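Take a look at the letters that make up each chain.
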There are 2 protein chains.
Amino acid sequence: MAWLRNLSKFSTIKRPKNTDPLWVLPRFTSLSNPIEEKGIGYSGLEATRAHEKPRVVVLGSGWAGCRLLKGLDPHIYDIVCVSPRNHMVFTPLLASTCVGTLEFRSVAEPIGRIQPAISREPGSYFFLAHCTHIDAHNHMVHCETVTEGAETITPWKFTISYDKLVIALGSQPSTFGIQGVKEHAIFLREVHHAQEIRRKLLLNLMLSDVPGITEEEKQRLLHCVVVGGGPTGVEFSGELSDFIMRDVRQRYAHVKDYIHVTLIEANEILSSFDDRLRRYATKQLTKSGVRLVRGIVKDVKAQKIILSDGSEVPYGLLVWSTGVGPSPIIQSLDLPKAPGGRIGVDEWLRIPSVQDVFSIGDCSGFLESTGRPTLPALAQVADRQGKYLADLLNKIGKAGAGHANSAKEIEFGDPFVYKHLGSMATIGRYKALVDLRQGKETKGLALAGFLSFFIWRSAYITRVVSWRNRFYVFVNWVTTLVFGRDISRI
Amino acid sequence: MAWLRNLSKFSTIKRPKNTDPLWVLPRFTSLSNPIEEKGIGYSGLEATRAHEKPRVVVLGSGWAGCRLLKGLDPHIYDIVCVSPRNHMVFTPLLASTCVGTLEFRSVAEPIGRIQPAISREPGSYFFLAHCTHIDAHNHMVHCETVTEGAETITPWKFTISYDKLVIALGSQPSTFGIQGVKEHAIFLREVHHAQEIRRKLLLNLMLSDVPGITEEEKQRLLHCVVVGGGPTGVEFSGELSDFIMRDVRQRYAHVKDYIHVTLIEANEILSSFDDRLRRYATKQLTKSGVRLVRGIVKDVKAQKIILSDGSEVPYGLLVWSTGVGPSPIIQSLDLPKAPGGRIGVDEWLRIPSVQDVFSIGDCSGFLESTGRPTLPALAQVADRQGKYLADLLNKIGKAGAGHANSAKEIEFGDPFVYKHLGSMATIGRYKALVDLRQGKETKGLALAGFLSFFIWRSAYITRVVSWRNRFYVFVNWVTTLVFGRDISRI
């Protein structure tokens, strides 16, 4: 009997306590290690040799980095991605996941699905790690693993030699040095942010129904405050009020009259949009119960925020989306900077001062010497830059200049030019804005209402990266339409 | 312009700092409070009056509690459920969520969807709280809210008076007093357990690919150990080896030869099943790479377990499923106990010593005086008991004996009789076991292989509570079939 055979096999290899801890895995030790076979050794990935494929190292797994990964040709390059996150977040749809319109999984795309070579090719890898230091002169990056506490395994450092390096480390939310934002507010940039918002929202809804709570507490708990009137803040407010209108009224009937959404903005909401669209958005949001407040946040406490005029706003949920700025690692880099503290690049998205290093996405901007404006921190820009650089690097590789320091003589061809295709924002309740003007001043099509909502959804569903997720997003939308949103708090 | 109107509306109510913190929500204060309207007041839910609906309080939201909630007639009773979890977990499919075959959401059913009255009827509630004490003589339960730390709101106590009380608090995993199990092993009973297992599994897969890791560490990290050869342990091992066979080999090609599953069981796996099925399962598991080890765990450390024979088993992931026992709250109750420390009930699932208190599910068992055997801690038993008690309580209510102390003279009718409909277990790779015998000794149909896998899936998809989740589970299964499992680590 298999079980007994197995057992006897085992009983033959009992050992005293102080023996090799791997006794239980006898046939492992005979295995050779693919990395060692490649002769790279364990301190890191050593410089590639002339006969090997050149190695592109991509730091970051956001829009820019992932679009680049997708476009790189694995027949030309070994591709290595370093990021603390093994998936790309489809940020435009993140707001929808907070209220259960979409599943979290539907807006997350694993790197391995974006660039399959990462998980298949012997020389291509994804490393779950932070980049700690860039040594551009030796063509090397220093990294440390992300391990979530030492119980599983203690973090360790390692190095990667690159032939081409692309810095796509993105940005971080700006807090303008306001006390308590990091501690008490929730941002809306990662899936775990959306999960935290969802858990807190549902927790507050349930707690406000429990006997023994005071009226004041109940009103505070169910007061959702959003700071920042950009697309993210507006979309989240819209989704939230939609959730309240459609789901809370049925499923939390006892507390439906207590829950409210306030959107605080220092200037105007959706300032980048056409005036008519802005007015339309303002009207729709107000109509769907979102209170728009113009104010400047001075201080954030655990249960209330204090505005610059001294007034206090108690809250149960605080979401912060007031734009982004460069992250510490970007600030620490000893490279020429563009306006706004971003990494300075030339027209080809190169960092001129060093060889073989490029930067794309929110973390980079054109050097003043290029005479070009800093591009907005938009997924659209990151996407376009990622695609451009992938094509450029493939071209360089094809020209035989993929290895380190060999691209000096190469003609890079057309520089990167950004053409704004327009902005979109949903404001909940089957309404959205579509602004197809080239810029704030120029003329162009500006749409609002259901038609544009339809355009908005179509546009996104076709851009969700994999077919799997397109399918899931579609299924989610249909399910929400038929069954309402999901309210299980897991 | 709406925005300006809104703004001016606001600017009229600016106040100095030391004012009523609710200034920002002026129109709230005019709202009356539904609970106060019902005259219940805030310290808790007071005893119902003769002209009001009687109140059934259900402690717990597991199989038993939820099946009961589903069956109770909201026209007869006000229904109150107290639990730290606002959803029911469809436990038989939980193992599938760890490896991404199913979404977590697909196996969680919100209470509000199981018994809509909870969220709609003025006198019916779900309270996110723990029961701290049962005062059977005053027909009252004492509870404390679950708030996840004081930042949102400090927890508070409250009381609920009941006309009928149902204790369905379930059980907790047994650790047999073994050191380190709680700290280092993961159980598989809640959605957050499955999430933890998934996160750890994917973390280990990714870390084992990073340069700088030693062979030993790599082998340890990718060694998944399951302790306990019951259906849960076997199903999880099966799913895991299936995941390794089908997905890891493609998506983590670099480490595919390092990952292994070991199932440790002190006696026989699936001891409740037919011998032939057990042999079949053993054969299939071994074939799909699961190593079956007969051993007794003596001690659990952060990175290795020590067996009673002194041998050490290093692990990266440790899942513990060795059966269940009564939880502390059950042990603390001053009520007659059944064998195994469960709450003792009579043939009608009543607790004889007190009025109007019933108990169902894993936490209860027949008193020895009834001469009946203790029923196994199975979803099947809980389900049947929940249904039986719902019918019984509805009957009592219809007979006008719903209020406290008014059911003394009522004829309860047929006692609860449990008829075992058979056991099912999947062993991964489209294979499952179906054992339709009444008991271990009796004759009956015993199936294994794809046919029974098909039966297994059909059986479960029809039992997943809501249509929404039936739909989702179906979609998940199809998607996994077409696109493979999801590997984003969120």
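Definitions and cut-offs
- Residues numbered from 1 in each chain as written.
- Chains lettered and ligands numbered in written order.
- Predicted model: local features only at pLDDT ≥ 70, side-chain atom pairs only at ≥ 80, totals over all residues.
- Heavy atoms only, no water.
- UniProt positions renumbered as here; feature names shortened; annotations may be inferred.
- Helix = DSSP H or I, 4+ residues; strand = E, 2+ residues; numbered from the N terminus.
- Buried < 20%, exposed > 50% of the residue type's maximum accessible area, 1.4 Å probe, protein only.
- Areas by Shrake-Rupley, 256 points an atom, 1.4 Å probe, with all protein chains shown as cover.
- Pairing = 2+ DSSP bridges.
- Axes fitted to C-alpha atoms, helices over the stretch in contact; angles between N-to-C directions.
- Contact = heavy atoms within 4.5 Å.
- Left-handed = near helix turned anticlockwise from the far one by under 90°.
- Nonpolar A, V, L, I, M, F, W, Y, C, P; charged D, E, K, R; others polar.
- Right-handed = clockwise from strand over helix to strand, strands pointing away.
- Phe/Tyr/Trp six-rings, centres within 6.5 Å; stacked < 30°, edge-to-face > 60°.
- Salt bridge = Lys/Arg side-chain N within 4 Å of Asp/Glu carboxyl O.
- Patch = residues over 30% accessible without salt bridge, like charges linked within 9 Å, V, L, I, M, F, W, Y side chains within 5 Å.
- pLDDT = per-residue confidence, 0-100.
- Disulfide = S-S within 2.5 Å.
- Expected span 1.5 Å × (residues − 1).
- Bend = angle between axes of the 7 residues up to and from the residue.

Chain A goes by NADH:ubiquinone reductase (non-electrogenic) in an unreviewed UniProt entry, where it is assigned to Clitoria ternatea. Looking at the Cofactor (unreviewed entry) heading of the UniProt record, one finds this comment for chain A: "FAD". As stated in UniProt under Sequence similarities (unreviewed entry), the record for chain A gives "Belongs to the NADH dehydrogenase family."

To continue, consider the overall build of chain A. Helix and strand counts for chain A come out as 15 helices and 24 strands. Classification of the 490 residues of chain A by burial places 61% in the buried group. Total accessible area on chain A stands at roughly 18600 Å², and carbon and sulfur atoms take up 56% of it.

Time to look at the sheet that holds strand 13 (residues 290-294) of chain A. All names here are of chain A. The strand order across the open sheet built from four strands is 13-12-11-17, with neighbouring strands paired in parallel fashion. The open sheet has two edge strands, strand 13 and strand 17 (317-320), and neither has a second partner. Across the sheet, the mean angle from the axis of one strand to that of its neighbour is 20 degrees, orientation sign disregarded. Summarising the sheet, strand 12 (residues 260-265) and strand 13 pair through five bridges and their orientation is parallel. Directly across from Ile264, in strand 13, lies its bridge partner Val293. Lying on the sheet, helix 8 (residues 191-207) is in contact with strand 11 (223-227) and strand 17; it crosses strand 17 at an angle near 155 degrees.

Before going further, it helps to examine the packing of helix 8 (residues 191-207) of chain B against helix 10 (residues 231-251) of chain B. Residue and element names in this part refer to chain B. Viewed as axis vectors pointing N to C, helix 8 and helix 10 meet at an angle of 40 degrees, and their least axial separation amounts to 14 Å. Between helix 8 and helix 10 lies a crossing whose hand is right-handed. Across the interface between the two elements, Ile197, Leu201 and Leu205 from helix 8 touch Phe236, Leu240, Phe243 and Val248 from helix 10. Residue classes in the contact of helix 8 with helix 10 are distributed as seven nonpolar, no polar and no charged.

As for its placement among the helices and strands, Glu103 of chain B is situated in the loop between helix 4 (94-98) and strand 5 (108-110). The spatial distance from the C-alpha of Glu103 of chain B to the C-alpha of Asn476 of chain B is 6.9 Å, given a sequence separation of 373 residues.

Residue and element names in this part refer to chain B. Of all five residues in strand 11 (residues 223-227), five are buried, a share of seventy percent or more. Where burial is concerned, the two faces of strand 11 agree: the one with His223, Val225 and Val227 and the one with Cys224 and Val226 are both buried. Both strand 11 and strand 12 (residues 260-265) contribute to a ladder of five bridges, which runs parallel. From the neighbouring strand, Val226 faces strand 12, where its bridge partner is Leu263. A crossover links strand 11 with its parallel partner strand 12, the connecting element being helix 10, and its sense is right-handed. Of the pairings in the sheet, the one linking strand 11 to strand 17 (residues 317-320) comprises four bridges and is parallel in character. Residue pairing for strand 17: Cys224 is matched across the bridge by Leu317.

What follows deals with the packing of aromatic side chains. We describe a pair of aromatic rings using the distance from one ring centre to the other and the angle between the two ring planes. Residues and elements named next belong to chain B. Using the criterion set out here, one finds eight aromatic pairs over all chains in the structure. Plain terms: the ring middles of Trp63 and Phe90 are 5.3 Å apart, the flat faces sit at 45 degrees to each other, and that makes the pair tilted. Taken together, the residues span a long stretch of sequence, with Trp63 in helix 3 (residues 63-71) and Phe90 in the loop between strand 4 (87-89) and helix 4 at a distance of 27 residues. The same class applies to Trp63 as to Phe90, namely buried. Each ring, one from Tyr388 and one from Phe416, has its centre 5.4 Å from the other, and the planes form 65 degrees; the classification is edge-to-face. One end of the pair, Tyr388, is in helix 13 (residues 379-398); the other, Phe416, is in the loop between helix 13 and strand 22 (423-426), with 28 residues separating them in the sequence.

Before going further, it helps to examine the pattern of salt bridges. Counting across every chain of the model gives 34 salt bridges over all chains. Among the ionic pairs, Glu103 of chain A bridges to Arg105 of chain B, the shortest N-O distance being 3.5 Å. Residue Glu103 of chain A is found in the loop between helix 4 (94-98) and strand 5 (108-110), and its partner Arg105 of chain B is found in the loop between helix 4 and strand 5; the two belong to separate chains. Neither Glu103 of chain A nor Arg105 of chain B differs from the other in exposure class; each is buried. A single network of salt bridges, built from pairs that share partners, joins Lys53, Asp78 and Glu121 of chain A.

Time to look at a nonpolar patch on the surface. Residues Phe474, Val478, Leu481 and Val482 of chain A make up a contiguous nonpolar surface patch of about 390 Å² in total accessible area. With a relative accessible area of 60%, Leu481 of chain A lands in the exposed category.

Bringing the confidence of the model for chain A into the picture now. Residues and elements named next belong to chain A. Averaged over chain A, the pLDDT score is 83; the fraction of residues at 70 or greater is 84%. With pLDDT under 50 throughout, residues 1-42 is counted as low confidence; its partners more than four residues away or in other chains account for 81 contacts. Interface confidence in the predicted complex, given as ipTM, is 0.82; pTM for the same model is 0.84.

Below, the discussion takes up the sheet that holds strand 11 of chain B. All names here are of chain B. Taken together, four strands build an open sheet; the order of strands is 13-12-11-17 and the sheet is parallel. Of all strands in the sheet, those with a lone pairing partner are strand 13 (290-294) and strand 17, marking the two edges. This sheet shows a mean twist of 20 degrees between the axes of neighbouring strands, independent of strand direction. Of the strands in this sheet, strand 11, strand 12, strand 13 and strand 17 touch helix 10, which is tilted by about 170 degrees from strand 12. Against the sheet, helix 11 (residues 275-287) contacts strand 12 and strand 13, and its axis sits at roughly 125 degrees relative to strand 13.

Next up on the list: the state of the cysteines. Residue and element names in this part refer to chain B. Tallied over the full model, the rule gives zero disulfides over all chains. Between Cys131, a free cysteine, and Cys143, which holds the nearest cysteine sulfur, the sulfur-to-sulfur gap is 5.2 Å. On the accessibility criterion, Cys131 (15% relative accessible area) is buried.

Right, let's get into the pairing of strand 14 (residues 297-300) of chain A. All names here are of chain A. Pairing of strand 14 with strand 15 (residues 304-307) involves three bridges; the strand directions are antiparallel. The partner of Val297 across the bridge, within strand 15, is Leu307. Here strand 14 folds back onto strand 15, and the loop between the two strands holds three residues.

Now for helix 13 of chain B. All names here are of chain B. Taking 1.5 Å of rise per residue, 20 residues should cover 28 Å, and helix 13 covers 28 Å from first to last C-alpha, within 8% of that figure. With 14 of 20 residues buried, helix 13 lies mostly within the body of the structure. Following helix 13 by one or two positions, Gly400 has its phi on the positive side, about 75 degrees.

This part is about helix 10 (residues 231-251) of chain A. Residues and elements named next belong to chain A. In a regular helix each residue adds 1.5 Å, so 21 residues correspond to 30 Å; helix 10 covers 28 Å between its end C-alpha atoms and thus fits that length. Along helix 10, the sharpest kink reaches roughly 40 degrees, centred on Ile244. In terms of burial, helix 10 is largely enclosed, as 15 of its 21 residues are buried.

Once that is clear, we can look at the side chain of Ser321 of chain B. All names here are of chain B. With respect to the element layout, Ser321 can be found in the loop between strand 17 and strand 18 (324-326). Owing to a relative accessible area of 15%, Ser321 belongs among the buried residues under this scheme. In this structure Ser321 touches Val226, Val227, Gly228, Thr232 and Gly233, once residues within four positions along its chain are discounted.

Mapped onto the elements, Asp275 of chain A comes out in helix 11 (residues 275-287). Separated by 55 residues in the primary sequence, Asp275 of chain A and Arg220 of chain A place their C-alpha atoms 34 Å from one another.

Now for the environment of Asn138 of chain A. On the secondary structure map, Asn138 of chain A appears in the loop between strand 6 (125-135) and strand 7 (140-145). A sequence separation of 219 residues divides Asn138 of chain A from Val357 of chain A, and the C-alpha atoms of the two residues are 12 Å apart.

Before going further, it helps to examine unusual backbone geometry. Negative phi is the rule for most residues except glycine; trans is the rule for most peptide bonds. If you check the backbone angles, Asn405 of chain A has positive phi at about 55 degrees while not being a glycine. Along the chain, the position of Asn405 of chain A falls in the loop between helix 13 (379-398) and strand 22 (423-426). Since its relative accessible area comes to 38%, Asn405 of chain A is described here as partly exposed. With a phi angle near 65 degrees, Leu349 of chain B is a residue other than glycine that sits in the positive phi range. Position of Leu349 of chain B relative to the elements: it lies in the loop between strand 19 (343-345) and strand 20 (357-359).

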